[in-house]
Amino acid sequence: MPPEHRTSTTEVPVVSEEEIARFVAEHFLDDDDEDVDAEEDLLARGAMDSLGVLHVAAWLEKRYAITLPDDELTIRNLHSVRTIRETAERAAARAGEP
């Protein structure tokens, strides 16, 4: 009898760059209608700092039920809308692994 393959029943959430950009604009920019480029370095722009990174992590947990491991909570992983999405999806995928 072949071994049984276990699959995760947990769906990996789709993290929207548009939703991340909206959150960043609302919480870190003076004009919450301002467009945020997905690859713009938010830390270099001065829009976010290390406390902002923690704020984003808390929002990801609340909004998408994604908990970022401590080793993922780095400026390198959370400095742009794109890296926030990639980091969140990577953490969600790991959480869904058996």
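Overview of the structure. Just so it is clear, the structure is predicted and the values come from calculations on it, not from any experiment.

Criteria and thresholds
- Residues numbered from 1 in each chain as written.
- Predicted model: local features only at pLDDT ≥ 70, side-chain atom pairs only at ≥ 80, totals over all residues.
- Heavy atoms only, no water.
- Helix = DSSP H or I, 4+ residues; strand = E, 2+ residues; numbered from the N terminus.
- Contact = heavy atoms within 4.5 Å.
- Areas by Shrake-Rupley, 256 points an atom, 1.4 Å probe, with all protein chains shown as cover.
- Expected span 1.5 Å × (residues − 1).
- Buried < 20%, exposed > 50% of the residue type's maximum accessible area, 1.4 Å probe, protein only.
- Arc of directions from axis to C-beta.
- Phe/Tyr/Trp six-rings, centres within 6.5 Å; stacked < 30°, edge-to-face > 60°.
- Lys NZ or Arg CZ within 6 Å of the ring centre and 35° of its normal.
- Salt bridge = Lys/Arg side-chain N within 4 Å of Asp/Glu carboxyl O.

Focus: the overall build of the chain
- Each helix and strand counted, the chain has four helices and zero strands in total.
- Along its sequence from the N terminus, the chain presents helices and strands in the succession α-α-α-α.
- In the chain, of all internal contacts separated by at least 6 residues, the share reaching a separation of at least 24 is 57%.
- Summed over its atoms, the accessible surface of the chain is roughly 6600 Å², and 47% of this surface lies on carbon and sulfur atoms.

Let's talk about helix 3 (residues 50-64)
- In this model, helix 3 (15 residues) spans 21 Å end to end at C-alpha, consistent with the 21 Å of a helix rising 1.5 Å per residue.
- When we look at burial in helix 3, the residues that qualify are Gly52, Val53, Val56, Ala57, Trp59, Leu60 and Tyr64. Buried positions in helix 3, seen along its axis, are confined to an arc of 165° and lie on one side of it. Turned more than 90 degrees off the buried face of helix 3, the exposed positions are Leu51 and Lys62.
- Looking at the packing, one finds that the buried side of helix 3 touches helix 1 (17-28) and helix 4 (81-95).

Examining the packing of aromatic side chains
- Applying the stated criterion across every chain, the model contains three aromatic pairs.
- Their ring planes at 75° and their centres at 6.1 Å tell us that Phe23 and Phe28 sit as a pair that is edge-to-face.
- Seen from their ring centres, Phe23 and Trp59 are 4.4 Å apart, and the 15° between their planes marks the pair as stacked. Here the residue Phe23 occupies a position in helix 1, and Trp59 occupies one in helix 3, the gap between them amounting to 36 residues.
- For Phe23, a relative accessible area of 6% gives the class buried.
- A residue is classified by how much of its surface remains accessible, and Trp59, at 15% relative accessible area, is buried.
- Each member of the aromatic cluster is reached from another via a ring pair, and the members are Phe23, Phe28, Trp59 and Tyr64.
- Positioned over the ring face of Tyr64 is Arg63, at 4.8 Å from the centre of the ring.

With respect to the pattern of salt bridges
- Considering all chains together, one arrives at nine salt bridges under this definition.
- A salt bridge links Glu39 to Arg82, with the shortest nitrogen-to-oxygen separation between them at 2.6 Å. Highlighted residues: Glu39 in the loop between helix 1 and helix 2 (42-45) and Arg82 in helix 4, separated in sequence by 43 residues.
- The residue Glu72 makes a salt bridge to Arg90 at a minimum N-O spacing of 3.0 Å.

That is the geometry; function is a separate question.
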